[in-house]
Amino acid sequence: MPSEFKKTKINGVYVLKTKTFKDKRGYFAETYNKQEFTEKGIPNTFIQDNESESSYGVIRGLHMQLPPFDQAKLVRVVHGRVLDVAVDVRPESPTFGKHVAVVLSKRNKKQLFIPRGFLHGFAVLSKKATFVYKVDNVYNPSAEFGIRYDDPEINIKWPIEKDKVITSPKDNLANTLADLKKKLQEIVKPEKTK
């Protein structure tokens, strides 16, 4: 039961449309199949599933883990609707600092595959949303790095009025893309000298 894998404007990021099979009982959907992903050039092995629930106006992000703890993610929404955003921060990428934004919802059954080397965040557009995602690397709190959702260099057009945005205190204190560039250079330089 293959899904549709659609390339985005950023190499390695895919929007997946999950096929569903409906009848009078409800529906069935296969949301992940390792063989299918491998055949499409996505060989990541996911090791953990996470879930969060948030209310309208919540923006979570932009978050990542620094190498070597960076994570690929497969994200979807099982209740409600969000605008999901992936920002390319791979140091050698021609699309560094560019982003992909996709509406994910229970209704549209879309998923977003985000490879390692990306910031990730989402904004809740419905009254409530339940967001689930797979990751392919362990969580390491010392590798966490965040950038403000409204960083002007990235310039994401979040569809929520500024006075309705809800973020965590940690996200309000987050860094900028310029801070992340410096941090990534510190990590990459020692590796190049080996």
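Structure's up top.
Residues numbered from 1 in each chain as written. Predicted model: local features only at pLDDT ≥ 70, side-chain atom pairs only at ≥ 80, totals over all residues. Heavy atoms only, no water.

Caption draft 1: Geometry of the packing of aromatic side chains. Following the criterion strictly, the structure yields seven aromatic pairs and no others. Here Tyr32 and Phe37 contribute two aromatic rings whose centre-to-centre distance is 4.9 Å and whose plane-to-plane angle is 55°, an arrangement assigned as tilted. Using a relative accessible area of 23% as the deciding quantity, one classes Tyr32 as partly exposed. With a centroid separation of 5.8 Å and an interplanar angle of 50°, the aromatic rings of Phe131 and Tyr133 are classed as tilted. With a relative accessible area of 23%, Tyr133 lands in the partly exposed category. Taken together, Phe5, Tyr14, Tyr32, Phe37 and Phe46 form an aromatic cluster joined through their ring pairs. (Phe/Tyr/Trp six-rings, centres within 6.5 Å; stacked < 30°, edge-to-face > 60°. Buried < 20%, exposed > 50% of the residue type's maximum accessible area, 1.4 Å probe, protein only.)

Caption draft 2: Representation of the sheet that holds strand 6 (residues 59-65) in the model. Spatially, 9-8-11-6-13 is the arrangement adopted by the five strands of the open sheet, whose pairing is antiparallel. If you trace the sheet from one side to the other, it starts and ends with strand 9 (99-105) and strand 13 (144-146), each paired once. The mean angle between the axes of side-by-side strands here comes to 25°, regardless of whether they run parallel or antiparallel. (Pairing = 2+ DSSP bridges. Helix = DSSP H or I, 4+ residues; strand = E, 2+ residues; numbered from the N terminus. Axes fitted to C-alpha atoms, helices over the stretch in contact; angles between N-to-C directions.)

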